[in-house]
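Examining the three-dimensional arrangement
Take a look at the letters that make up each chain.
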Amino acid sequence: MADVVQPEPNSLQISGDTLSARSSPATARNDCSITPLTPSPSPRVEVRPRMSCPFSVVVAIDFGTTSSGYAFSFTQDSEAIHMMKRWEGGDPGVANQKSPTCLLLTPELRFHSFGFAARDFYHDLDPEEARHWLYFDKFKMKIHSTSDLTMETELEAVNGRRVRAIDVFAHALRFFREHALKEVKDQSSSVLEGEAIRWVITVPAVWKQPAKQFMREAAYLAGLVSPDCPEQLLIALEPEAASIYCRKLRLHQVIDLSLQPITNGFDLEGSRPFDSSFRQAREQLRRSRHSRTFLVESGTGELWSELQTGDRYIVADCGGGTVDLTVHQIEQPQGTLKELYKASGGPHGAVGVDLAFEAMLCQIFGEDFIQSFKAKRPAAWVDLTIAFEARKRTAAPGRANALNISLPFSFIDYYKRHRGQSVEAALRKSNMNIVKWSSQGMLRLTQEAMNELFQPTIVNIVKHIEELMAKPEVRGVRFLFLVGGFAESPMLQKAVQRALGRTCRIIIPHDVGLTILKGAVLFGLDPTVVRVRRCPLIYGVGVLNRFVEGRHPRDKLLIKDGRQWCTDILDRFVCVDQSVALGEVVRRSYTPARLGQRKIIINIYCSATDDVTYITDPGVRKCGTITLDLPEPLPGAVGGAGGGAGGPERREIRATMQFGDTEIKVTAVDVMSDRSVRASIDFLSN
């Protein structure tokens, strides 16, 4: 039985997320204490067999920027996906299968409520009292936008108080855990132990490794699973989950935007207004949401009978915070998926429209007033954003009448006291003709105003899709699936149809806001369904190689035990956009650089570009460390790095990395003692 060496808690250290060139580790001699035993051998493949699911239930949590929810499926009845129970509260006219991603903490920083309950309680608080409570919404965006994410990164509540982000995320996940477990137990006849449940949490595909690890750490903190059983939790990529579900679609479960190309709001025959097809589509959408259990095909759905082997399609996940694009190919007959191009996209979700509305208010009433109102009347500000959110959903192209948005009485009153004039007077002075004032205390946003709010975000989304479709690997795509909550917007649907309707078929699943959630359940039932992924970055290790005069720069020369080494060389495990199959492992063998070495530090480095040679090159950063404690060699056994013809054999350290999953896995083994260090790369240490 091999001894397992546990890394010390402080042994995995990473430097900050800076992309500037580092000073040469030749000055800090421990940084590059390994040398390749063999010159970069080619990768070996260990394809793992598809295993039956060892769990009795899979629970998936779609943790969204604007709305979140969970769904589950029993492995004995895996064709039935159960959506979470309906939430109390909710907005009139909006079908709620998910809950708003907002969370309320008491003034003492204890968890109070999540979702509609948090929103409604906060709304009902006395304005003075509300200033002491901590209300968070759309907080997932912070994880995407923070470049140096750590366990200590903070979130700011609406009232300005700051709390550790990991604690806020853990509160939300704990809330989902309690609700999901209760519902699963209500539907299960057998007693479920904690380890009988596999949990799946969705994240955007464009998120980097630190953000994925952050969600995993939050799940450990929330008690979803124990850090000792990491395989019980899967991180699913949102567009990938949507793609997995889209494989199951039948023709009656989708809206095909490409069947009738449109010009100026009418189809080519001019027979039906563009708007009516969307009204019909939204009615189907609404009806499909009243059932809480969905049945999925056991094989692939009939939509795919039109796809030949090798056909490619794009999934555009248009969510609250990000647009997330993935390109897949279905492999027949097994129905597995192969990623054809690394995930792309950016922070261009529906929240962009909300931010544009806030900017418009600042333009009319003054930024200082809006900031002051948010700080002094946080609950009323939340009411105003909710009123806008509800109207935003009804915005459609070609709509003749204006959209009315109620201004809270406290806004009107606070403005009068703060500025000494009425809201109506401010509107007149602003010369903003596209926003009117109604005597019922409402802002009237004309169609032109709504276009102005939507345009920047929609233009970015269409641009991202068009740029992706121009790539050589992606040309000739026949299907574009629009998914995510923002895909319900007729404004976005029309823009995508206009730009791309003649290039490919644009398909929207009926329950478009739940597509990711259902796909995440399917992924939990069979994580091997995505067989090949693309690596977004180079990963490798810093090593010493024999110094070659004329080839290596002099400032990389290091002399150890009388031998000349070139330090800081990046030995690559994978390259940018490289195809990596599930279960494929990349191995390297290394030997200690000097005799008697008792500890090996293997630093993992990454870079977004391929043209790098040394770990000090611009754009290369250290993203993790594996520490291997070496037992003392037995007398007469394997020695250190020296040894000539009759000398001791060189000692071998074998490092293995797995890149085909949604998270990277790393191990290193001292071959002589068979001691292994199992190490997830730590991306979150300072």
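All of the points below concern the structure found in this document. (Residues numbered from 1 in each chain as written. Predicted model: local features only at pLDDT ≥ 70, side-chain atom pairs only at ≥ 80, totals over all residues. Heavy atoms only, no water.)

**Side note on the overall build of the chain**
This is how it is decided: By the criteria applied, helices consist of DSSP H or I runs no shorter than four residues and strands consist of E runs no shorter than two, each listed in order from the N terminus. Burial classes: relative accessible area under 20% of the type maximum marks a residue as buried, over 50% as exposed, and values in between as partly exposed (1.4 Å probe, protein chains only). By definition, residues are in contact when any of their heavy atoms lie within 4.5 Å.
Regarding its fold elements, the chain presents 15 helices and 36 strands. By the burial criterion, 56% of the 686 residues in the chain qualify as buried. Of all intrachain contacts in the chain linking residues separated by at least 6 positions in sequence, the fraction that spans at least 24 positions is 73%.

**Some thoughts on helix α5 (residues 209-222)**
What counts, and what does not: What a helix is expected to span follows from its residue count: subtract one and scale by 1.5 Å.
Compared with the 20 Å implied by 1.5 Å per residue over 14 residues, the 20 Å span of α5 between its first and last C-alpha is a close match. The element α5 is extensively covered by neighbouring structure, given that 12 of its 14 residues are classed as buried. Looking only at α5, the buried set comprises Gln209, Pro210, Ala211, Lys212, Gln213, Phe214, Met215, Arg216, Ala218, Ala219, Tyr220 and Ala222. Turning to α5, the residues buried within the fold contact α3 (140-145), α4 (165-187), β12 (197-203), β13 (233-237) and β27 (538-546). Backbone geometry just after α5 places Gly223 at a positive phi near 80°.

**As for the sheet that holds strand β9 (residues 134-137)**
Here is the rule: Between any two strands, pairing holds if DSSP finds at least two bridges. Axes, fitted as lines to C-alpha atoms, cover a helix only where it is in contact. Angles between the N-to-C directions of the axes lie from 0 to 180 degrees.
As summarised here, the arrangement of the three strands in space is β8-β7-β9, forming an open sheet in which the pairing is antiparallel. A single partner strand is all that each edge strand has here, and the edge strands are β8 (111-114) and β9. Averaged over all adjacent pairs, the angle separating strand axes in this sheet is 15°, with direction ignored. Sitting on the sheet, α4 touches β7 (102-105), β8 and β9, and the angle it makes with β8 is about 65°.

**Regarding the sheet that holds strand β19 (residues 323-331)**
Taken in spatial order, the eight strands make up an open sheet running β14-β25-β24-β18-β19-β20-β26-β30, and their pairing is mixed. Taken across any chain shown, the strands that pair with only one partner, and hence form the sheet edges, are β14 (254-256) and β30 (579-581). With direction set aside, neighbouring strand axes in the sheet form an average angle of 25°. When β14 meets strand β25 (residues 505-509), the two strands line up antiparallel, connected through three bridges. Within β25, the position partnered with Asp256 by the bridge is Ile507. Helix α14 (residues 490-500) rests against β18 (312-318), β24 (479-483) and β25 of the sheet, and its axis sits at about 160° to β25.

**Quick notes on the nonpolar core**
Using the following cut-off: For our purposes a nonpolar core is just a set of buried Ala, Val, Leu, Ile, Met, Phe, Trp, Tyr and Cys residues, chained together by side-chain atoms within 4.5 Å. As used throughout, domain bounds are those supplied by an automatic or database domain assignment.
Ranked by size, the top nonpolar core spans 97 residues in total, and within it Phe365, Phe411, Val435, Leu445, Leu480 and Phe486 carry the most contacts. It is helix α13 (residues 447-469) that contributes the most residues to this core, 10 residues altogether. For this core, the domains that each give at least three residues are domain 1 (57-237) and domain 2 (351-452). When residues no more than four places from it in sequence are discounted, the contact partners of Leu480 are Ile314, Ala316, Ile465, Val496, Leu500, Cys504, Arg505, Ile506 and Ile507. If you look at the next biggest cluster of nonpolar residues, it comprises 52 residues, including Phe136, Leu192, Ala222 and Leu233.

**Some thoughts on helix α15 (residues 515-525)**
Counting buried residues along α15, 11 of its 11 residues qualify, which places the element largely inside the surrounding structure. The set of residues buried in α15 consists of Thr515, Ile516, Leu517, Lys518, Gly519, Ala520, Val521, Leu522, Phe523, Gly524 and Leu525.

**Describing unusual backbone geometry**
Of note, Asp568 is a non-glycine position whose phi angle comes to about 70°, a positive value. On the basis of relative accessibility, which here comes to 0%, the residue Asp568 falls in the buried class. Unlike most non-glycine residues, Asp577 shows phi in positive territory, near 65°. Inspection of the secondary structure assignment puts Asp577 in the loop between β29 (563-574) and β30.

**So, the state of the cysteines**
Spelled out, the test is: Disulfides are defined in this document as cysteine sulfur pairs within 2.5 Å.
Applying the stated criterion to the full structure yields zero disulfides. With no disulfide of its own, Cys535 has Cys575 as its nearest cysteine by sulfur position, at a separation of 8.6 Å. Cysteine Cys606 is unpaired, with the sulfur of Cys623 as its nearest cysteine sulfur at 3.8 Å.

**What about the pairing of strand β20 (residues 336-346)?**
Judged from the eight bridges that link them, β19 and β20 form a sheet pairing that is antiparallel. The partner of Val327 across the bridge, within β20, is Tyr341. Linkage of β19 to β20, two consecutive antiparallel strands, is achieved through a turn of four residues, within which Gly335 is found at a positive phi near 75°. With two bridges connecting them, β20 and strand β26 (residues 530-534) associate as parallel partners. Bridge pairing links Leu337 to Val530 in β26.

**Some points on the environment of Pro527**
As for its position among the elements, Pro527 is in the loop between α15 and β26. Note: C-alpha distance between Pro527 and Leu234 (293 residues apart in sequence) is 8.4 Å. In this structure, Pro527 is in contact with Arg198, Leu234 and Leu582, ignoring residues within four places of it in sequence.

**Overview of the pairing of strand β31 (residues 584-592)**
Within β31, nine of the nine residues are buried, which leaves the element mostly enclosed by the surrounding structure. Neither face of β31 is open: one carries Glu584, Val586, Arg588, Tyr590 and Pro592, the other Val585, Arg587, Ser589 and Thr591, and all of them are buried.

**Concerning the side chain of Thr101**
Using the following cut-off: Whenever two N or O atoms come within 3.5 Å, that pair is a polar contact, provided that in protein one can donate a hydrogen and the other can accept it, and provided that, for residues adjacent in sequence, both atoms are side-chain atoms.
Within the fold, Thr101 resides in the loop between β6 (99-100) and β7. For Thr101, a relative accessible area of 1% translates into the label buried. At a separation of 3.3 Å, a polar atom in the side chain of Thr101 contacts the main-chain amide nitrogen of Ser67. With sequence-adjacent residues up to four places away left out, Thr101 is seen in contact with Phe63, Gly64, Thr65, Thr66, Ser67, Ser68, Phe114, Phe136, Asp137, Lys138 and Phe139.

**So, the packing of helix α9 (residues 367-376) against helix α10 (residues 378-392)**
What counts, and what does not: With respect to orientation, any angle under 35 degrees is reported as roughly parallel, any angle over 145 as roughly antiparallel, any angle of 65 to 115 as roughly perpendicular, and every other angle as oblique. Residues are grouped as follows: Ala, Val, Leu, Ile, Met, Phe, Trp, Tyr, Cys and Pro are nonpolar; Asp, Glu, Lys and Arg are charged; all remaining types, including Gly, are polar.
The geometry of α9 relative to α10 is characterised by a closest axis approach of 5 Å and an angle of 115° between their N-to-C directions. By the angle between their axes, α9 is roughly perpendicular relative to α10. Facing Ile370, Phe373, Lys374, Ala375 and Lys376 of α9, the residues of α10 in contact are Pro378, Ala380 and Trp381. The residue makeup of the contact of α9 with α10, split by class, is six nonpolar, no polar and two charged.

**A look at the pattern of salt bridges**
Using the following cut-off: In the sections that follow, a salt bridge refers to a side-chain nitrogen of Lys or Arg positioned within 4 Å of a carboxyl oxygen of Asp or Glu.
Throughout the structure, instances matching the rule amount to 28 salt bridges. Between Glu331 and Arg531 there is a salt bridge whose closest N-O contact spans 2.7 Å. A residue pair is termed long-range when its members are at least 10 positions apart, and Glu331 in strand β19 and Arg531 in strand β26 qualify at 200 residues. As a salt-bridge pair, Glu549 and Arg554 come within 2.8 Å of each other at their nearest N and O atoms.

**A closer look at the packing of helix α8 (residues 351-365) against α13**
Note the following rule: By convention the crossing between two helices is left-handed if the near helix lies anticlockwise of the far one by an angle smaller than a right angle, and right-handed if it lies clockwise.
Interhelical geometry of α8 versus α13 gives an angle of 130° and a closest axis separation of 8 Å. Comparing their axes, α13 and α8 come out oblique. The element α8 and its partner α13 pack so that their crossing is right-handed. Residues Gly352, Val353, Ala356, Phe357 and Met360 of α8 pack against Ala449, Glu452, Leu453, Phe454 and Thr457 of α13. Taken together, the residues of the contact of α8 with α13 sort by class into seven nonpolar, two polar and one charged.

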